[in-house]
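Listed here are the chains, written in short residue letters.
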Amino acid sequence: MSASPLPAASPDAAPIPLSTKQTQEHRDLANAIRALAMDAVEQAKSGHPGMPMGMADVATVLFERFLKFDPSDPSWPDRDRFVLSAGHGSMLLYALLYLTGYPEMTLDELKRFRQLGSKTAGHPEYGHAPGIETTTGPLGQGLANAVGMALAERLLAAEFGNGAVDHYTYVIAGDGCLMEGISHEAVSLAGHLKLNKLIVLFDDNHITIDGSTDLSVSDDQLQRFTASGWNATAIDGHDPEAIATAIAAARQADKPTLIACRTTIAYGAPTKAGTAASHGAPLGAPEIAGTRQRLGWAPGPFEVPEAILGRWRAIGRKGAAARGAWQRRLSSLPAEQKAEFRRRMDSKLPKHWLGASTAYKIKLAEDKPNIATRVASQNALEVLTAALPELTGGSADLTGSNNTKAKAKAPVKPGSFAGRYIYYGVREHGMAAAMNGMALHRGVIPYGGTFLVFTDYCRPSIRLAALMGLRVVYVMTHDSIGLGEDGPTHQPVEHLAALRCIPNLQVMRPADATETLECWEAALLREDGPTLLALTRQNLAAFRTAPTPDNLCQKGGYVVVEAAGERQVTLIGTGSEIGVALKARELLAAEGVRAAVVSMPCTSLFDRQTGKYRREVLGGARLPRVVVEAGVRQGWEPYLGANGAFVGMSGFGASAPAGDLFKHFGITPEAVAAAAKKLL
């Protein structure tokens, strides 16, 4: 069956003369990317062809001459990391993975671009296919992830030596990435820490969806990055030798480097090149025909000549030698160090770490400390960081308030990476995104702290951690009106509800020191997603005064104290409100009402328990239930059942001492007892 004739080309489709700056071989390699990108977007009738076509020359030079990778072993630890921060141009990445021979990125997958169940999602998604280092799409996130990857590389190199860890992190970022606020936080942090193995290739095409960038921005990016402690240079993004010279210089720098690559979006398109029309929509059949003519690309849709594909596959095979040399270097390490490195990069926990935690749990039951859960968290970290050297913490300028620094943890300093504690500065969003990058890199388990109310600043990165299934721990303190005098700007009210509704985010609100330790254990044992610890500023009395072999918090909810006789009502609380519920139980008992108290540190874990267990904890469907939490009601309806009441917040807090606030807003034992009696 003969192929359908190609549409007529645009009258503006005169061939582009071969530039003296480009060899025919380079041009063929780059044009293969351009052709696959425009064909896939056209077939999907959706996507962004312009960026892949504009950055094809830069990507070709990077992959052909510099990037250390091996498609036959895509996850080997010392590979260079390549992050497509401008994730809308995902066909650039998919085309490169196919051309260089990643087995799972087949031509059929390119043809299924943006279709249900394909590996070629509209924006790159971590886990869909090897070679996709992170999920990008929300602009600036990839750049900030890359800062975390570059930081993890330096931390591990300081610990295991350059023979085991010595690679670069490359980023392709666009105008939108650099406009987003997160980029300012990430760029500033990377410059401060002198992450010299981080190289950003800026697609400086002067185009956004709305049109020319001069509609909305006039920043001098070179001066901006220079002011943040970076090297910065500008080049012609279609000149292979200029690209190569700039990357080679960046690899020798003592600072991170920005290379502003002046490109033409949709390079080669006869009428849409250099315009916003090529940014976020298919080029259309006539424009594609004209592009083929201008580029001198005769093959039909999704066709790559055997000779050109062969050259690309040879580029993909080159990394095997570097991987082999690395394996020999790793084998020469002392056996104990080699085993530790492999354990860490496989994201496996050491065998006996839980023993130290269990011993401390017994001590807590004996000591019965009356402390804030943020302090309990720091005490737990003293034990856990000694047993888990990969635990790498930090805070967004609230170290003394979040209690995130273990005494033995030395700080990371500019150019010095022997420490394991990071002072992130007032950069909550950048911190959360960098932690994602560190988790993606592997070898470290990142945790970081700020006030719970400031999860609003972190939320996009928290959501992406949940989407990617990363082991990241958020230490969020000052978790309610209980923080007191700082007032409603700092008092989280809706935040627990808003965070609990993020799929795959494990939100845990412990109620005493033992629960805090158990929540830390649960967070570290979890391999398929992030955990957020919501911790108090105010002291809480210990109620877990007998050691239990099981981690009760891993069940999500459990009975703290059963009713004296047949249960008449269930009181459910979290965090600081467990104390309120326990006192309410005493008030009810004095009036002959038999109440059980349930601690519910994590609703999502409780939901995973068997129906039988959940009924045993909550009581029957018709049994009255009262939930008490110093937050809003949203999200508690499934646990209230058919005969339930909620005691908590319905609006913002106020500035006053914590005790006064709980009374003012009616979150008291008396209010809980009254609500229970009303249901009987």
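These numbers come from a predicted model, not from an experiment.

Chemist: Any chance you could break down the sheet that holds strand S1 (residues 81-84) for me, citing the residues and the numbers?
Modeler: Pairing is parallel in the open sheet, where 5 strands are placed in the order S1-S2-S3-S7-S6. Of all the strands in the sheet, the pair left with one neighbour each is S1 and strand S6 (231-236). Strand-to-strand, the axes of this sheet are offset by a mean angle of 20°, without reference to chain direction. Alignment of strand S2 (residues 169-174) against strand S3 (residues 198-204), held across 6 bridges, turns out to be parallel. Within the sheet, the bridge partner assigned to Ala-173 lies in S3 and is Phe-202.

Chemist: Describe empty space enclosed by the protein, listing the residues and the values that go with them.
Modeler: Summed over all chains, the structure comprises 3 cavities of 30 Å³ or more. The volume enclosed by the largest cavity comes to roughly 40 Å³. What lines the largest cavity is simply Phe-82, Val-83, Leu-84, Leu-93, Pro-124, Gly-131, Ile-132, Glu-133, Thr-134 and Thr-136. By residue number, the principal contributor to the lining of the largest cavity is S1, which donates 3 residues.

Chemist: Give me the lowdown on the side chain of Glu-133, citing residues and values where you can.
Modeler: The topology assignment puts Glu-133 in the loop between helix H5 (107-111) and helix H6 (141-160). Given the relative accessible area of 11%, Glu-133 is considered buried. Separated by 2.8 Å, the side chains of Glu-133 and Arg-79 make a polar contact. Residues contacting Glu-133, with those up to four places away along its chain left out, are Arg-79, Asp-80, Arg-81, Phe-82, Tyr-126, Met-149 and Leu-440.

Chemist: How would you explain the environment of Asp-236 if you had to name every residue and give the values?
Modeler: Following the sequence through the fold, Asp-236 ends up in strand S6. Taking C-alpha positions, Asp-236 is 46 Å from Ala-498, a pair spaced 262 residues apart along the chain. The residues contacting Asp-236, other than those within four sequence positions of it, are Lys-21, Ala-242, Ile-243 and Arg-262. Polar side-chain contacts of Asp-236 include one of 2.8 Å to the backbone nitrogen of His-238.

Chemist: Break down the nonpolar core for me, citing the residues and quoting the values.
Modeler: Trp-312, Tyr-474 and Leu-532 are the most contacted members of the largest nonpolar core, which has 140 residues in total. The leading source of residues in this core is H6, at 12 residues. Grouped together as the second largest cluster of nonpolar side chains are 45 residues, Val-597, Val-626, Val-632 and Ala-675 included.

Chemist: Could you give an account of H6, with specific residues and numbers?
Modeler: Taking 1.5 Å of rise per residue, 20 residues should cover 28 Å, and H6 covers 28 Å from first to last C-alpha, within 8% of that figure. Most of H6 is tucked away, with 18 of its 20 residues classed as buried. Residue Gly-161 follows H6 closely and has a positive phi angle near 95°.

Chemist: Lay out the packing of aromatic side chains with the relevant residues and their values.
Modeler: On inspection of all chains with the given rule, the structure shows 16 aromatic pairs. Consider the rings of Phe-63 and Phe-69, whose centres lie 5.2 Å apart with planes at 65°: the pair is edge-to-face. Neither residue differs from the other here; Phe-63 and Phe-69 are each classed as buried. Judged by centre distance (5.1 Å) and plane angle (75°), the rings of Tyr-421 and Tyr-423 are edge-to-face. Take Tyr-421: its relative accessible area is 0%, and that puts it in the buried class. Clustering of aromatic rings is evident, with ring pairs tying together Phe-63, Phe-69, Phe-82 and Tyr-102. Here the guanidinium or amino end of Lys-555 rests over the ring plane of Tyr-613, the centre of that ring lying 5.3 Å away.

Chemist: Break down the packing of helix H1 (residues 24-44) against helix H3 (residues 56-66) for me, citing the residues and quoting the values.
Modeler: Between H1 and H3, the least distance of the axes is 9 Å, while the angle of their chain directions is 115°. As far as their axial angle goes, H3 and H1 are roughly perpendicular. Of the two elements, H1 crosses H3, and the hand of that crossing is right-handed. Taken together, the residues of H3 that come into contact with H1 (itself represented by Glu-25, His-26, Leu-29, Ala-30, Ile-33 and Arg-34) are Ala-56, Asp-57, Ala-59, Thr-60, Val-61 and Glu-64. In the contact of H1 with H3, the residues fall into 6 nonpolar, 2 polar and 4 charged.

About the criteria used
Residues numbered from 1 in each chain as written. Predicted model: local features only at pLDDT ≥ 70, side-chain atom pairs only at ≥ 80, totals over all residues. Heavy atoms only, no water. Pairing = 2+ DSSP bridges. Helix = DSSP H or I, 4+ residues; strand = E, 2+ residues; numbered from the N terminus. Axes fitted to C-alpha atoms, helices over the stretch in contact; angles between N-to-C directions. 1 Å grid on protein atoms, 1.4 Å probe; cavity = no way out; pocket = protein on both sides within 12 Å on 5 of 7 lines; lining within 4 Å. Points joined across faces, edges and corners; volume = space filled by probe spheres on them. Buried < 20%, exposed > 50% of the residue type's maximum accessible area, 1.4 Å probe, protein only. Polar contact = N/O pair within 3.5 Å; in protein donor to acceptor, adjacent residues only side chain to side chain. Contact = heavy atoms within 4.5 Å. Core = buried A, V, L, I, M, F, W, Y, C linked by side-chain atoms within 4.5 Å. Expected span 1.5 Å × (residues − 1). Phe/Tyr/Trp six-rings, centres within 6.5 Å; stacked < 30°, edge-to-face > 60°. Lys NZ or Arg CZ within 6 Å of the ring centre and 35° of its normal. Parallel < 35°, antiparallel > 145°, perpendicular 65-115°, else oblique. Left-handed = near helix turned anticlockwise from the far one by under 90°. Nonpolar A, V, L, I, M, F, W, Y, C, P; charged D, E, K, R; others polar.

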